[in-house]
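As a plain string of letters, each chain reads:
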Amino acid sequence: RGTSHWNYLIDAFRCKLSMDAGDADQSMEWFSSSKLSVFTEISRIREFELIVYARVLILLNRDQDAELLLQRLLTFAGDNRRPHSRVEVLNLLSMIAFRSHHVRMALKYIGESLDVGMAEGYIRSYLDESSPMAQILRAYIKSRGKQSEEDIFKKRKVFAAGLLKQIRELGML
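What counts, and at which threshold
Residues numbered from 1 in each chain as written. Predicted model: local features only at pLDDT ≥ 70, side-chain atom pairs only at ≥ 80, totals over all residues. Heavy atoms only, no water. Helix = DSSP H or I, 4+ residues; strand = E, 2+ residues; numbered from the N terminus. Buried < 20%, exposed > 50% of the residue type's maximum accessible area, 1.4 Å probe, protein only. Contact = heavy atoms within 4.5 Å. Areas by Shrake-Rupley, 256 points an atom, 1.4 Å probe, with all protein chains shown as cover. Lys, Arg positive; Asp, Glu negative; His and termini not counted. Charge placed at Lys NZ, Arg CZ, Asp CG, Glu CD. Expected span 1.5 Å × (residues − 1). Phe/Tyr/Trp six-rings, centres within 6.5 Å; stacked < 30°, edge-to-face > 60°. Salt bridge = Lys/Arg side-chain N within 4 Å of Asp/Glu carboxyl O. Polar contact = N/O pair within 3.5 Å; in protein donor to acceptor, adjacent residues only side chain to side chain. Axes fitted to C-alpha atoms, helices over the stretch in contact; angles between N-to-C directions. Parallel < 35°, antiparallel > 145°, perpendicular 65-115°, else oblique. Left-handed = near helix turned anticlockwise from the far one by under 90°. Nonpolar A, V, L, I, M, F, W, Y, C, P; charged D, E, K, R; others polar. Core = buried A, V, L, I, M, F, W, Y, C linked by side-chain atoms within 4.5 Å.

1. Structural notes on the overall build of the protein
Part 1: Counting secondary structure elements, the protein contains 9 helices and 0 strands.
Part 2: Seen in sequence order, the protein has helices and strands lined up from the N terminus as α-α-α-α-α-α-α-α-α.
Part 3: By the burial criterion, 43% of the 173 residues in the protein qualify as buried.
Part 4: For the protein, contacts bridging at least 24 residues in sequence account for 62% of all contacts bridging at least 6.
Part 5: Summed over its atoms, the accessible surface of the protein is roughly 9,800 Å², and 51% of this surface lies on carbon and sulfur atoms.
Part 6: Averaging the positions of the 26 positive and the 22 negative side-chain charges in the protein gives two centres separated by 5 Å.

2. Description of helix H3 (residues 47–59)
Part 1: Taking 1.5 Å as the rise per residue, H3 with 13 residues should run 18 Å; its terminal C-alpha atoms sit 19 Å apart, in good agreement.
Part 2: Here H3 has its buried residues at Glu-47, Glu-49, Leu-50, Ile-51, Val-52, Tyr-53, Ala-54, Arg-55, Val-56, Leu-57 and Ile-58.
Part 3: In this fold, the buried residues of H3 make contact with helix H1 (5–20), helix H2 (24–33), helix H4 (63–79) and helix H5 (83–99).
Part 4: Remark: Asn-61 follows H3 within two positions and exhibits a positive phi of approximately 60 degrees.

3. Things to note about the packing of aromatic side chains
Part 1: If you walk through the whole model with that rule in mind, you get 4 aromatic pairs.
Part 2: Between Phe-31 and Tyr-53, the ring centres sit 4.7 Å apart and the planes meet at 20 degrees, which makes this aromatic pair stacked. One end of the pair, Phe-31, is in helix H2; the other, Tyr-53, is in helix H3, with 22 residues separating them in the sequence. Note on accessibility: Phe-31 and Tyr-53 belong to one class, buried.

4. Things to note about the pattern of salt bridges
Part 1: Applying the stated criterion to the full structure yields 14 salt bridges.
Part 2: A salt bridge links Arg-55 to Glu-88; the nearest nitrogen and oxygen atoms lie 3.0 Å apart. One end of the pair, Arg-55, is in helix H3; the other, Glu-88, is in helix H5, with 33 residues separating them in the sequence. Each of the two residues, Arg-55 as well as Glu-88, counts as buried.

5. Details of the side chain of Glu-49
Part 1: Following the sequence through the fold, Glu-49 ends up in helix H3.
Part 2: On the accessibility criterion, Glu-49 (3% relative accessible area) is buried.
Part 3: Polar side-chain contacts of Glu-49 include one of 3.0 Å to the side chain of Arg-46.
Part 4: Each residue touching Glu-49, except ones within four places of it in the same chain, is listed here: Tyr-8, Leu-9, Ala-12, Trp-30 and Leu-36.

6. Re the environment of Asn-7
Part 1: By the element assignment, Asn-7 lies in helix H1.
Part 2: Take Asn-7: its relative accessible area is 37%, and that puts it in the partly exposed class.
Part 3: Taking the C-alpha atoms as reference, Asn-7 lies 15 Å from Leu-17; in sequence the two are 10 residues apart.

7. Considering the packing of H5 against helix H6 (residues 103–120)
To characterise two packed helices, one gives the angle between the axes of the helices and the distance between these axes.
Part 1: Between H5 and H6, the least distance of the axes is 8 Å, while the angle of their chain directions is 160 degrees. As summarised for this structure, H5 and H6 are arranged roughly antiparallel, according to the angle between their axes. Regarding H5 and H6, the two cross each other, and that crossing is left-handed. Residues Pro-83, Arg-86, Val-87, Leu-90, Asn-91, Leu-93, Ser-94, Ala-97 and Phe-98 of H5 pack against Val-103, Met-105, Ala-106, Tyr-109, Ile-110, Glu-112, Ser-113, Val-116, Gly-117 and Glu-120 of H6.
Part 2: Considering only residue class, the contact of H5 with H6 consists of 12 nonpolar, 4 polar and 3 charged.

8. Quick word on the nonpolar core
Part 1: Residues Trp-30, Leu-70, Ile-110, Leu-114, Tyr-126 and Leu-137 are the most contacted members of the largest nonpolar core, which totals 49 residues.
Part 2: Per-element tally for this core: the top contributor is H3, with 8 residues.
Part 3: Those residues in contact with Tyr-126 that sit more than four places away from it in its chain are Val-87, Asn-91, Ile-110, Ser-113, Leu-114, Gly-117, Met-133, Phe-159, Leu-163 and Ile-167.

Functional significance is not addressed by these values, which are geometric in nature.
Structure, rendered in structure tokens:
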């Protein structure tokens, strides 16, 4: 292409920063010029770009497209042992399901995410999602676990409560 793949990653990173800063116009500009789609081939080089692309789809309320892409990314992350990407994708899927009032599915996704997050020691992946993540964590803490998974469910709830406390302490609510 005559251009380093780093330029694409930097552009995607700028878009993510714009979304975090509430600058939807710059995010839309990147989205329109990115030449990505929900069916773009997933690779380690394109993974971050596609996660950002899914975030813009969510911002545009195109949840079905975002979910399709995120399911593809989830498979890729699992097949290629990419735990951090797996957590981020599961968190995004949980947020889509939660805002669509599919609470049971949201709790399933966040439960899987918490398992990986606990094992890998991830904190920032949850804190960066701020208020939407806090709502899901609250719902998870209030939910009831299956009797057969009682111990792991308790561990997840303790981890979730710790994350929720940190979100509050950081003033992200």
